Amino acid sequence: MSSLAPPFTLETATRKVRLAEDGWNSRDPERVSLVYTPDSCWRNRAEFVNGRAEIVAFLTRKWAKELDYRLIKEIWAFTDDRIAVRFAYEWHDDSGNWFRSYGNENWEFDAAGLMQRRFACINDLPIRESERQYHWPLGRRPDDHPGLSELGL
């Protein structure tokens, strides 16, 4: 298997996106934080997050609010050390209100392949439970489950 450090090829960038999706679908903040540099800088919506400790705290809050979280990411573009993705995830709040959150992210990696900068823009769309399209068991999306393009998202 090719290295997942820059410079990226289509194959390695696509693999990096799927590994990121898998990590976030684990909903394990500690595990997810390890793919970021210790001093990683994020902008997530209007929140600024710096370093692994803040990443863990942010993701802990996120997944306490966004219940039954399931995410699909898709590569949009890449260069030697940057990857752009689009994504959508489904979740519900503690009152049972369902949402599909759409967005895009821009990632920048260091020479070792750790993400040093992440910029995310996200919009939440209220949906009815009957409109959900992500029905796999919590955790990793099965390989045979359609991606965003196949779902028309």
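See above for the structure.
Now for a quick tour of the structure. (Residues numbered from 1 in each chain as written. Predicted model: local features only at pLDDT ≥ 70, side-chain atom pairs only at ≥ 80, totals over all residues. Heavy atoms only, no water.)

## What about the packing of aromatic side chains?
1) Next: Applying the stated rule across the entire model yields 11 aromatic pairs.
2) Next: A ring pair is formed by Y134 and W136, whose centres lie 5.3 Å apart and whose planes are at 25°; its orientation type is stacked. The burial state of Y134 is the same as that of W136; both residues are buried.
3) Next: Among the aromatic residues, those joined into a ring-pair cluster are W24, Y36, W42, F58, W63, Y69, F87 and Y89.
4) Next: When the ring centre of W24 is taken as origin, the NZ or CZ atom of K73, which lies over that ring, is 5.4 Å away. (Phe/Tyr/Trp six-rings, centres within 6.5 Å; stacked < 30°, edge-to-face > 60°. Buried < 20%, exposed > 50% of the residue type's maximum accessible area, 1.4 Å probe, protein only. Lys NZ or Arg CZ within 6 Å of the ring centre and 35° of its normal.)

## Some points on the nonpolar core
1) Next: Counting residues in each nonpolar core, the largest one holds 27 residues, and the members touching the most others are W24, Y36, W42, L59, I83, Y89 and W107.
2) Next: For this core, the elements supplying multiple residues, two or more each, are α1 (10–26), β1 (36–44), α3 (51–65), β3 (67–78), β4 (82–92), β5 (98–109) and β6 (115–127).
3) Next: The element that contributes the greatest number of residues to this core is β4, accounting for five residues.
4) Next: Those residues in contact with Y36 that lie beyond four places of it in its chain are W24, W42, R52, I55, L114, M115 and R118.
5) Next: Counting six residues, the second largest nonpolar core, distinct from the first, contains I72, A88, Y134 and W136. (Core = buried A, V, L, I, M, F, W, Y, C linked by side-chain atoms within 4.5 Å. Helix = DSSP H or I, 4+ residues; strand = E, 2+ residues; numbered from the N terminus. Contact = heavy atoms within 4.5 Å.)

## Some details on unusual backbone geometry
1) Next: Omega for the peptide link from P6 to P7 comes to 0°, which places this bond in the cis form.
2) Next: Relative to the assigned elements, P7 resides in the segment before α1.

## Digging into the side chain of S33
1) Next: Within the secondary structure, S33 is located in helix α2 (residues 29–33).
2) Next: Looking at S33, the relative accessible area reads 2%, which means it is buried.
3) Next: Side-chain polar atoms of S33 contact the backbone oxygen of E30, separated by 2.8 Å. (Polar contact = N/O pair within 3.5 Å; in protein donor to acceptor, adjacent residues only side chain to side chain.)

Read these as layout, nothing more, since geometry by itself doesn't imply function.
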